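Breakdown of the fold
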Amino acid sequence: ASSLGVTIRFEPITTEQYENWVGMQGKNRYILGSGTQASYVIKGEADQTQLDKIEIDNCIIENMRGIFSLRSTSPLAPEVTVNNTTIRDLKDYGVFQSEASAGGGYKSIVVTNSTFDGIQYLLRAKNAPTAYNVISFSDCTFNKTVLDGKYLVDLANATQSLTTFEFVNCIFGSAYSGTPKVTKAPTKPTFTNCYKTTDFAPSSMDGVIDYEKSAADLFTDPSSGNFLIKDASFIGKDSAGDPIWRP
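Since the structure is predicted, the reported quantities are computational estimates derived from the model, not experimental observations.

A short note on the nonpolar core
Core analysis: the biggest nonpolar cluster contains 44 residues, and Phe96, Phe116, Leu122, Phe137, Phe167 and Phe172 have the highest contact counts within it. In terms of residue count, strand 4 (residues 60–70) provides more of this core than any other element does, five residues in total. With residues near it in sequence (within four places) discarded, phenylalanine 96 still touches Phe68, Val80, Val82, Tyr106, Ile109, Val111, Leu122, Leu123, Arg124 and Phe137. By size, the runner-up hydrophobic cluster in this structure holds 11 residues, among which are Phe219, Phe227, Phe234 and Ala240.

Below, the structure is given as structure tokens:
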């Protein structure tokens, strides 16, 4: 700078301004991965620093192996929230992946007003985590979700009960392939005002209301990612799924 005859001044910011800036880093973003082989939003290793909270808000995330991948023996953060976000085209690590045992995993996962399309796994733990306490999905649209024979939520051999395990106002359009399973967890999930089409047909999904038609009958153009509800006779059209797709 001095060689150019330019004076550079740095004005310090307040702690509040810094925290506001940090808080915006997971909001209003379009995150495009480099491919489905080895790209992630957050990949935590065994010696990772613990975070107070992870917040993804008003984002589009696509073309990745997974969103969150953990190998730590303690929770990545007390709370992970996802809101008003579209996640699509994920491979075998899915949205929430954990390879840790002992206390590893996610203590609280709260997802609202979001769309999932083209994901092989939703939540998957490879060992027996004990950190999970809350898993909540509300007002979400799922399409082309979960591989044949795999679980929507798989907590492996975990034995600790969850205080909250729920799906509220959700629509399940189609499976990624074949016939998926629902959950493998010590606590059975509750489904409230949730619907599934004939293209998402696990052997048992107690509490979910059957929509006796296909995803193509329900949504405007699911193959192109347009999940606007087109069937005016669908009883959940004004109350279920990601609100951006309600007529």
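We are not done yet, so read on.
What to know about the pairing of strand 10 (residues 151–154)
Bridge analysis of strand 8 (residues 123–125) against strand 10 gives two bridges, and the strand direction is parallel. Paired with leucine 123 across the strands is valine 153, a residue of strand 10.

Details of the pattern of salt bridges
Applying the stated rule across the entire model yields five salt bridges. With a closest N to O distance of 2.8 Å, glutamate 62 and arginine 88 form a salt bridge. Highlighted residues: glutamate 62 in strand 4 and arginine 88 in strand 6 (residues 86–98), separated in sequence by 26 residues. By relative accessible area, which is 27% here, arginine 88 ends up partly exposed. For arginine 246, the salt bridge goes to aspartate 139, with nearest N and O atoms at 2.6 Å. Of this pair, arginine 246 sits in the segment after strand 18 (226–229) while aspartate 139 sits in strand 9 (residues 134–145), and the two are 107 residues apart along the sequence. For aspartate 139, a relative accessible area of 15% puts it in the buried group.

Let's talk about the pairing of strand 4
With nine of 11 residues buried, strand 4 is to be regarded as a mostly interior element. Across eight bridges, the pairing between strand 4 and strand 6 is parallel. From the neighbouring strand, isoleucine 60 faces strand 6, where its bridge partner is threonine 86.

Regarding unusual backbone geometry
A positive phi angle, near 60°, is found at asparagine 58, a position not held by glycine. Owing to a relative accessible area of 36%, asparagine 58 belongs among the partly exposed residues under this scheme. Positive phi, normally seen in glycine, also occurs at asparagine 63, with a value near 60°. If you trace the backbone, asparagine 63 turns up in strand 4.

Details of the packing of aromatic side chains
Scanning all chains against the criterion turns up 15 aromatic pairs. Relative to phenylalanine 191, the ring of phenylalanine 167 has its centre 5.1 Å away and its plane inclined at 15°; by these criteria the two rings are stacked. Here phenylalanine 191 lies in strand 14 (residues 190–192) and phenylalanine 167 lies in strand 11 (residues 164–168), a separation of 24 residues in the sequence. Across the pair, phenylalanine 191 and phenylalanine 167 agree in class, each one buried. Ring geometry for phenylalanine 172 against phenylalanine 191: centres 6.3 Å apart, planes inclined by 75°, an arrangement best described as edge-to-face. With phenylalanine 172 in strand 12 (residues 171–174) and phenylalanine 191 in strand 14, this residue pair connects regions lying 19 residues apart in the sequence. Phenylalanine 172 sits in the buried class, given a relative accessible area of 0%. Overall, the relative accessible area of 11% leaves phenylalanine 191 in the buried class. What links up through ring pairs into an aromatic cluster is the set Phe116, Phe137, Phe142, Phe165, Phe167, Phe172, Phe191 and Phe200. Its end group placed over the ring of tyrosine 121, arginine 124 keeps NZ or CZ at 4.2 Å from the ring centre.

Conventions we followed
- Residues numbered from 1 in each chain as written.
- Predicted model: local features only at pLDDT ≥ 70, side-chain atom pairs only at ≥ 80, totals over all residues.
- Heavy atoms only, no water.
- Core = buried A, V, L, I, M, F, W, Y, C linked by side-chain atoms within 4.5 Å.
- Buried < 20%, exposed > 50% of the residue type's maximum accessible area, 1.4 Å probe, protein only.
- Helix = DSSP H or I, 4+ residues; strand = E, 2+ residues; numbered from the N terminus.
- Contact = heavy atoms within 4.5 Å.
- Pairing = 2+ DSSP bridges.
- Salt bridge = Lys/Arg side-chain N within 4 Å of Asp/Glu carboxyl O.
- Phe/Tyr/Trp six-rings, centres within 6.5 Å; stacked < 30°, edge-to-face > 60°.
- Lys NZ or Arg CZ within 6 Å of the ring centre and 35° of its normal.

Shape is all these values report; function is a separate question.
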